[in-house]
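Commentary on secondary and tertiary structure
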Amino acid sequence: MNTLIRVFVKTLKCGKSKCRTASRRISITRACSSQVNIAYRIYPHDSKPETAASAPIFVLHGLFGSKRNWNGLAQMIASSTDRIVVTMDARNHGDSGHSEVMNYPVMRDDLLGVMDRLKPERVSSLIVVDSAPKLSPGVESLVKYTQKMKELTLPSGVPFLQGRREVAKELRPIVRTEGELSFLLTNLTETKDGSLAWRVNLDAVLANLDDLGNFPEFTSPCNITTHFIGGSLSRHLE
């Protein structure tokens, strides 16, 4: 079992169950929040969070990520914990709608809108993976990456994989690792007419990076069980 899944299972204090998701289709649904359609997936696909015995697990990705990054892990978490898992795309990411407004309060409301649609109860506990409620390290790199992605003239009239290789060649000199490069390239998609495009709303990301790189101040504590998970090289949990 994946190490991260072991941590999730131990944290949630659930026993191992039979795998129910591997051979099933995954539903993609949308919820409207603040005039933005939020796309989410439910594992297993025929589950009904509103009638589940245990609270579902909601998985939120980070900047430039998407629910697709969690496909395999979400199935493993659902199988190992016997809970429903819901992955969702943040606004301006993946299959969710685009908006000029992108900050923590509106993204909180996006999440609550999906939660309210699926199950009346709100958050009972929290697991934070490689992130922290503080100023994010590496904001300068994010600005550089976003600007470069925005300035690129995406290839046209070529197969997707060839176009992806050409984009990778342009981005590689400014990206720190091949892992980060591969991660950024997950945002590249092929449109109906065969041209390449970015899934992520680069204009909105660039305009709101100051808000996204900081963390809101709160006057009252969040009194729920919270676990922070980070790798030994993570700069977020130093």
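Residue positions are given per chain, counting from 1 as you read along its sequence in written order. For this predicted model, a pLDDT threshold of at least 70 governs which residues receive local features, and a threshold of 80 or more governs which side-chain atom pairs are given and counted, while totals over whole chains, interfaces and linings are taken from all residues. Excluded from the side-chain calculation are hydrogens and water; included are all heavy atoms of the structure.

Labelled according to an unreviewed UniProt entry, the protein appears under the name AB hydrolase-1 domain-containing protein, originating from Batillaria attramentaria.

Moving on to the overall build of the protein. Each helix and strand counted, the protein has 7 helices and 8 strands in total. Exposure classes here rest on a 1.4 Å probe applied to the protein chains alone. A residue is buried below 20% of its type maximum, exposed above 50%, and partly exposed in between. Counting all 238 residues of the protein, 40% fall into the buried class. Here, residues are in contact when the closest pair of their heavy atoms is within 4.5 Å. Relative to all contacts within the protein whose residues are 6 or more apart in sequence, the contacts with residues 24 or more apart total 72%. Starting at the N terminus, helices and strands are each numbered in turn, a helix being any DSSP run of H or I of at least four residues and a strand any DSSP run of E of at least two.

A separate point is the side chain of His 93. Secondary-structure assignment places His 93 in the loop between β4 (85-88) and α3 (104-118). Separated by 3.0 Å, the side chain of His 93 and the backbone oxygen of Arg 91 make a polar contact. If we skip the residues at most four places from it in the chain, His 93 touches His 61, Gly 62, Leu 63, Phe 64, Gly 65, Met 102, Val 200 and Val 205. By the criterion applied in these results, polar contacts are pairs of N or O atoms within 3.5 Å in which, for protein atoms, one can donate a hydrogen and the other can accept it, and in which residues neighboring in sequence qualify only through two side-chain atoms.

Moving on to empty space enclosed by the protein. Cavity means a closed set of points on a 1 Å grid over the protein atoms alone, one where a 1.4 Å probe fits but cannot get out, pocket means an open set with protein on both sides within 12 Å along at least 5 of 7 lines, and lining means a residue has an atom within 4 Å of a point. Grid points are joined across faces, edges and corners, and a volume is the space filled by probe spheres set on the points. What the rule picks out here adds up to 1 cavity of 30 Å³ or more. Taken as a whole, the largest cavity holds about 40 Å³ of empty space.

Below, the discussion takes up the packing of helix α5 (residues 160-171) against helix α6 (residues 178-185). Lines fitted to C-alpha atoms define the axes here, with helix axes fitted over just the stretch in contact, and angles between the N-to-C directions of these axes take values from 0 to 180 degrees. Direction vectors running N to C along α5 and α6 enclose 130 degrees, while the axes themselves pass 11 Å from each other. The orientation of α5 relative to α6 falls into the category oblique. Classified by chirality, the crossing of α6 by α5 is right-handed. Taken together, the residues of α6 that come into contact with α5 (itself represented by Arg 164, Val 167, Ala 168 and Leu 171) are Leu 181, Ser 182 and Leu 185. Here the nonpolar group is Ala, Val, Leu, Ile, Met, Phe, Trp, Tyr, Cys and Pro; Asp, Glu, Lys and Arg are the charged ones; every other residue, Gly included, is treated as polar. Split by residue class, the contact of α5 with α6 holds 5 nonpolar, 1 polar and 1 charged. The scheme is simple: roughly parallel for angles under 35 degrees, roughly antiparallel for over 145, roughly perpendicular for 65 to 115, oblique for anything else. Crossing chirality is assigned from the near helix's rotation relative to the far helix, an anticlockwise turn below a right angle marking it left-handed and a clockwise turn marking it right-handed.

Glancing now at α5. To estimate the expected span of a helix, count its residues, drop one, and scale the result by 1.5 Å. The end-to-end C-alpha distance of α5 is 16 Å, a good match for the 16 Å that 12 residues give at a rise of 1.5 Å each. The complete set of buried residues in α5 reads Gly 163, Val 167, Ala 168 and Leu 171. For α5, the angular spread of buried residues about the axis comes to 140 degrees, placing them on one side. In α5, the exposed positions that point more than 90 degrees away from the buried face belong to Leu 161, Arg 165 and Lys 169. Taking the helix axis as origin, the arc is that swept by the directions to the C-beta atoms.

Another aspect to go through is helix α2 (residues 71-81). Burial of α2 is extensive: 8 of the 11 residues sit out of reach of the surface. Listed as buried for α2 are Leu 73, Ala 74, Gln 75, Ile 77, Ala 78, Ser 79, Ser 80 and Thr 81. At the exit of α2 stands Asp 82, carrying a positive phi of roughly 60 degrees.

Turning our eyes to something else, we now look at the nonpolar core. As used here, the term nonpolar core means buried Ala, Val, Leu, Ile, Met, Phe, Trp, Tyr and Cys residues forming a set that is joined through side-chain atoms within 4.5 Å. In terms of nonpolar packing, the biggest core is built from 23 residues, with Phe 64, Met 149, Val 167, Leu 171, Trp 198 and Val 200 touching the most fellow members. Secondary-structure elements contributing two or more residues to this core are α3, α4 (139-151), α5, α6, β7 (196-198) and α7 (202-213). Element by element, the count of residues in this core is highest for α7, at 4 residues. Counting residues in each nonpolar core, the second largest holds 11 residues, with Val 36, Ile 42, Ile 84 and Leu 111 among its members.

Here we take up unusual backbone geometry. Note the cis peptide between Tyr 43 and Pro 44, where omega equals -15 degrees. With respect to the secondary-structure elements, Pro 44 resides in the loop between β2 (36-43) and β3 (57-60). Unusually for a residue other than glycine, Phe 64 sits at a positive phi of about 70 degrees. Structurally, the position occupied by Phe 64 is in the loop between β3 and α2. Not every positive phi belongs to a glycine, and Asp 82 is a case in point at roughly 60 degrees.

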